[in-house]
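The residues making up each chain are set out below.
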Amino acid sequence: MRFSFEITETGSNNKTLTPSPPSSSSKEQIEWIPLQSHPIFTTTTITTTSGGGVKNLIAYDKKASRLYLWESHTQSLHRVSIRLGDPDDPTSVLASSSSKVLQPDVHLSFVVSNISINRNGSALLLSGDHGLSVMYLFGKNSAKDSTIICKTVSVGSQYYYENHNSIRTLQILWHPISDTHLGILSSDSVFRLFDLSSDLEKPEQEYYLQPVEPEKCRNAASICPVGFSFGGEHLWDRFTVFILFSDGSIYILCPVVPFGSVHRWDSIWEIYNDAHLFGLKASNSRAVSFSSLAIAWLQATFPQLVSQPAGGGCSVALRAHPYVPFDASLSLQGPLRKVRHVDEEDSELQGATCEGRAVGILYNIISKDSVLVTSWSSGQLQIDALADEIQPVWNVGNPPRVCVDSHDHILGVAMICESILGDRPVLKLDQPLDHTVWLGNSPPLLSLAVVDLALPEKIDNGSLISMFVDPFIPERIYCLHDGGVDSIVIHFLPFTSQASGKEEVMKAPSVYSILSTPLGETSTPSLLSGFLALEDSFGYSWIVAVTSSQECVVLETKDWNISLPVHVDREKKDSLDEFQEKDTPVVLSRELLDGPNAVLIPQASPNLRALVADSIEGRSALNQYFKLFRENYVEYAHKVWFELKHHGDYLEKVINTQKERLHKAQQDLSKVEERQPSLDDRINRALELHCSLEDRLRTLRNLPRAHKKPLSRAELDFKTELDRFTGLELGALRSSIEALNVRARKFTQSSKSSGGSKSPYRQFPGRRKNPVPESQVSQLRSAVEKLSLVNSETSKKVKLVESALSDIESKE
């Protein structure tokens, strides 16, 4: 559904814009089909040249949900509207059957191998081995056919791709915080930043890279840059450019900011306070000097920091003003060294462990870690993390070259960036904060892993690898090479793991092959001509790959079990709340809330300013700009309608799910309320029983037995003797004792009777009066006791024999 407008006459020369109701015919003509089945992938001819390495001929405008495909044969650009996450099939990627064809207004003299779109979707970069152009995506309709003719201009033609100039571009990137700035690294070791809204031929900023002194150069690879990457939204990283050289060494330029770019107030205020707190108040004079230069640069680039220092007031964002110190140039910090342990020797650091030459670099911000991934021609990836924060460094006494206008406003800056001379200290782990902050030292690198993609060996200069960050999972990196597409998932991050409060073991990254293309030693061109990573506001993500044989592959990646596990500490309420907020689905996309795209207006000729609105040329120009802005806002209105309509079904599902959960929660709550009285009674009875048990325990503690003394050694010996008789048969012993008692009584009675009356027997002289002495009696008693024990043992054996005989008789 699209909104159409009609122009009605309100006077002699006045016209008004009135909306007309959407037509049903246009609604019926739009048909949504799977992206891989779209006609442009069967009719488009994608030319693959023999050189140039990895190519990418597709681009995606996230804010407008548009997919662009470049056709080299006709030098045209196909534009298709796509729909992510259809309510009926959330895992699908649908495309509109009707597509637009955009044609450059000039003939391109080079073969396009890479395209990329800027942040707001108004301009497209077309680059190749022998050319560089920018195509404005909002043009005018052609009179011959339905194609749209778009203004196409060349950038920096006096520097690159001239007949008398051998300078070639090494890497070209749109700046992540600007819609009009383009960064170019060329083979003359110069990094240039162009502003397409001001001048296309002269760069806004030029940085001549001189990493080492010419007389101290050990090899040519140490002075040959191969690629660069802009930093992310983290402290001074947002003003940093990472530059990779062929030998694998990494240098940084900081601060580099596009003139007129917009930044968040709280981000700038954070680094401003950091410079005051840890720089100006430091005890080291070197730290005070570097922090003073940084504070002066911040105050001149963002004057609102001085006028509104309390927190911004009503300001939410700050615009960067053109500024450069007139007596200092940026220092080329590096090469970044590996972090050292305290117990290691102070010997020279080892070089890169990868083979071949470095071919690409990628910066990725993951939670609290800044990760640098370096690709090598041998098919290896070196993953490192910054072990310290980046800080700006200037070389005082090396003035830059500044171009100003008649009002002394800075238009362009050029400077020579050299490394700081002298021996740089080797940073080690567990160093005090005073030894590392604002001293001009380059941040060290902490090596995380070296990943081998196991690519086949080639005869030429090696494999070129393009790296992309997954928009849904920042820990996942896609690698596009001649053999297909691989996915690398990083499982260990030093600062992120430390912030989680748990000691985690360092785990190697996981490598998954997503797409594989046959690649032999004789096959030079890559079979893949494009790659994209897509995401929607519901948490789904896809990858889209286009082959040189006009085939589109779409894979949904959300359900792959390769994402990192989420660590939630339930004892910490903050981390649990952050986890719940992170899992909350986004109902409306941020692009919809940001409003319509800001159109990058192509540069107009000077004669256009002198036109009169009532003239034919003036009306034609106004009509052209009217169509330009109308198409932009009509597309935004269509996106608003589409989002609101299709989010209605999703919101209905969410509301029904929440209602079911609410009903279940109410049922559980009612059950708890019913069981609450019984639970209260049980708790009261348990408390009463607990009180009674405590009273009994106190009473038992007061008993005298609780205070008994331990037995003495004699008592213990007597107890052991008594224990020996435990379990014996005491019947025989008692009978023996009784018999002895009877004999003893008889003996005593006989002795008494002989003493009281005359004995009938005659006594002979010399005979004793007591014929049985006492010692014999005791011996007799002991013998009787032993006899009783023998009898008892014998009786036991007899019983055992009788039981065994009875068992045998019973069995027979």
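What this report covers is the structure whose coordinates are included nearby. (Residues numbered from 1 in each chain as written. Predicted model: local features only at pLDDT ≥ 70, side-chain atom pairs only at ≥ 80, totals over all residues. Heavy atoms only, no water.)

## Some thoughts on the overall build of the chain
Point 1. Looking only at helices and strands, one finds 12 helices and 38 strands in the chain.
Point 2. The buried share of the chain, reckoned over its 812 residues, is 39%.
Point 3. When contacts within the chain are restricted to residue pairs at least 6 apart in sequence, long-range pairs at least 24 apart make up 63% of them.
Point 4. Per element, the accessible surface of the chain, about 46900 Å² overall, is 53% carbon and sulfur. (Helix = DSSP H or I, 4+ residues; strand = E, 2+ residues; numbered from the N terminus. Buried < 20%, exposed > 50% of the residue type's maximum accessible area, 1.4 Å probe, protein only. Contact = heavy atoms within 4.5 Å. Areas by Shrake-Rupley, 256 points an atom, 1.4 Å probe, with all protein chains shown as cover.)

## Some details on the sheet that holds strand β21 (residues 250-253)
Point 1. Strand order in this open sheet of 3 strands is β19-β20-β21, and the pairing throughout is antiparallel. One side of each edge strand has no neighbouring strand; the edge strands of this open sheet are β19 (225-230) and β21. For this sheet the average axis-to-axis angle between neighbouring strands, irrespective of direction, equals 25°.
Point 2. Pairing analysis gives 5 bridges linking β19 to strand β20 (residues 241-245), with the strands arranged antiparallel. Paired with F230 across the bridge in β20 is V241. (Pairing = 2+ DSSP bridges. Axes fitted to C-alpha atoms, helices over the stretch in contact; angles between N-to-C directions.)

## Describing the pairing of strand β29 (residues 401-404)
Point 1. By the bridge criterion, 4 bridges tie β29 to strand β30 (residues 410-418) in an arrangement that is antiparallel. From the neighbouring strand, C403 faces β30, where its bridge partner is G412.
Point 2. If you look at the hairpin formed by β29 and β30, you'll find 5 residues sitting between the two strands, and D408 has a positive phi there, around 60°.

## Focus: the side chain of D384
Point 1. Relative to the helices and strands, D384 is located in strand β27 (residues 380-386).
Point 2. In this structure D384 comes out as buried when scored by relative accessible area, which is 2%.
Point 3. Of note is the side chain of D384, whose polar atom sits 2.8 Å from the side chain of K338.
Point 4. Looking at D384, its side chain comes within polar contact range of the side chain of Q382, at 3.5 Å.
Point 5. Residues in contact with D384, not counting those within four places in the same chain, are K338, S370, V371, L372, L445, L446, S447 and L448. (Polar contact = N/O pair within 3.5 Å; in protein donor to acceptor, adjacent residues only side chain to side chain.)

## Considerations on helix α3 (residues 265-280)
Point 1. The end-to-end C-alpha distance of α3, which contains 16 residues, comes to 22 Å, matching closely the 22 Å that a straight helix rising 1.5 Å per residue would cover.
Point 2. Within the span of α3, buried status applies to W265, S267, I268, W269, I271, Y272, A275 and G279.
Point 3. In the core, the buried residues of α3 are packed alongside β22 (262-264), α4 (285-301), α5 (304-307) and β23 (317-319). (Expected span 1.5 Å × (residues − 1).)

## Structural notes on the packing of aromatic side chains
Point 1. Taken as a whole and assessed by the stated rule, the structure comprises 18 aromatic pairs.
Point 2. Here F468 and F531 contribute two aromatic rings whose centre-to-centre distance is 5.4 Å and whose plane-to-plane angle is 40°, an arrangement assigned as tilted. Linking F468 in strand β32 (residues 466-469) with F531 in strand β36 (residues 528-535), this pair joins segments that are 63 residues apart in sequence.
Point 3. Members of the aromatic cluster, connected to one another through ring pairs, are F191, Y207, F228 and F230.
Point 4. The positively charged end of R83 is found above the aromatic ring belonging to W32, 4.3 Å away from the centroid. (Phe/Tyr/Trp six-rings, centres within 6.5 Å; stacked < 30°, edge-to-face > 60°. Lys NZ or Arg CZ within 6 Å of the ring centre and 35° of its normal.)

## Side note on the pattern of salt bridges
Point 1. Inspection of the entire model under this criterion finds 9 salt bridges.
Point 2. Among the salt bridges present, the one from D188 reaches R192, with a minimum N-O distance of 3.2 Å.
Point 3. Relative accessible area serves as the criterion here: at 2%, R192 is assigned to the buried category.
Point 4. Close ionic contact of R192 with E206 constitutes a salt bridge, the shortest N to O distance being 3.0 Å. Of this pair, R192 sits in strand β17 (residues 190-195) while E206 sits in strand β18 (residues 205-210), and the two are 14 residues apart along the sequence. For the pair R192 and E206, a shared accessibility class is recorded, and that class is buried.
Point 5. By sharing partners, the salt bridges in this structure join D188, R192 and E206 into a single network. (Salt bridge = Lys/Arg side-chain N within 4 Å of Asp/Glu carboxyl O.)

## Here's the deal with a nonpolar patch on the surface
Point 1. On the surface, L679, I683 and L687 cluster together to form a nonpolar patch covering roughly 250 Å² of accessible area.
Point 2. With respect to the helices and strands, the residue L679 is situated in helix α9 (residues 616-701).
Point 3. For L679, a relative accessible area of 30% corresponds to the partly exposed category. (Patch = residues over 30% accessible without salt bridge, like charges linked within 9 Å, V, L, I, M, F, W, Y side chains within 5 Å.)

## Remarks on the sheet that holds β30
Point 1. Pairing is mixed across the open sheet formed by 6 strands, whose spatial order is β15-β16-β17-β18-β30-β29. In this open sheet, the two edge strands, each paired with only one partner strand, are β15 (169-174) and β29. Going across the sheet, the axis of each strand differs from the next one's by a mean of 10°, ignoring polarity.

## Considerations on α4
Point 1. End to end, α4 covers 24 Å across 17 residues, agreeing with the expected 24 Å (1.5 Å per residue, within 8%).
Point 2. Buried within α4 are the following residues: A287, F290, S291, A294, I295, W297, L298 and T301. Burial along α4 is one-sided: seen end-on, the buried residues are contained in an arc of 160°.
Point 3. Among the structural elements, α3, α5, β23 and β28 (394-396) are those in contact with the buried residues of α4.
Point 4. The distance from a side-chain oxygen at the start of α4 to the backbone nitrogen of R286 is 2.9 Å, and the residue carrying that oxygen is N284. (Arc of directions from axis to C-beta.)

## Overview of the pairing of strand β4 (residues 58-61)
Point 1. Burial of β4 is two-sided: the residues I58 and Y60 facing one way and the residues A59 and D61 facing the other way are all buried.
Point 2. Relative to strand β5 (residues 66-71), β4 runs antiparallel, the two being bridged by 4 bridges. Across the sheet, the residue bridging to D61 is R66, located in β5.
Point 3. What sits between the antiparallel neighbours β4 and β5 is a turn of 4 residues, in which S65 has the positive phi angle 55°.

## Digging into the packing of α3 against α4
Point 1. Remark: α3 packs on α4, axes separated minimally by 9 Å, with the N-to-C direction vectors making an angle of 155°. Accordingly, the angle class assigned to the pair α3 and α4 is roughly antiparallel. At the point where α3 passes α4, the crossing takes the left-handed sense. When α3 is examined against α4, the residues I268, I271, Y272, A275, H276, G279 and L280 are found in contact with a partner set consisting of A287, V288, S291, S292, I295, L298 and Q299.
Point 2. Residue composition of the contact of α3 with α4, grouped by class: 9 nonpolar, 5 polar and no charged. (Parallel < 35°, antiparallel > 145°, perpendicular 65-115°, else oblique. Left-handed = near helix turned anticlockwise from the far one by under 90°. Nonpolar A, V, L, I, M, F, W, Y, C, P; charged D, E, K, R; others polar.)

## Some details on unusual backbone geometry
Point 1. Of note, the bond from C254 into P255 is cis; its omega dihedral lies within 30 degrees of zero at 5°.
Point 2. Relative to the elements of secondary structure, P255 occurs in the loop between β21 and β22.
Point 3. The residue after G334, namely P335, is reached through a cis peptide bond having omega -5°.
Point 4. Within the secondary structure, P335 is located in the loop between β24 (328-330) and β25 (358-366).
Point 5. In this model, S65 sits at a positive phi of 55°, which is unusual for a non-glycine residue.
Point 6. Tracing the chain through its elements places S65 in the loop between β4 and β5.
Point 7. Note on S65: relative accessible area 14%, which makes it buried.
Point 8. Even without being a glycine, S189 presents a positive backbone phi close to 60°.
Point 9. Relative to the assigned elements, S189 resides in the loop between β16 (181-186) and β17.
Point 10. For S189, a relative accessible area of 13% translates into the label buried.

## So, the environment of D274
Point 1. Mapping D274 onto the fold places it in helix α3.
Point 2. With 17 residues separating them along the chain, D274 and S291 place their C-alpha atoms 9.2 Å apart.
Point 3. For D274, the contacting residues outside a window of four places in its chain are G279 and W438.

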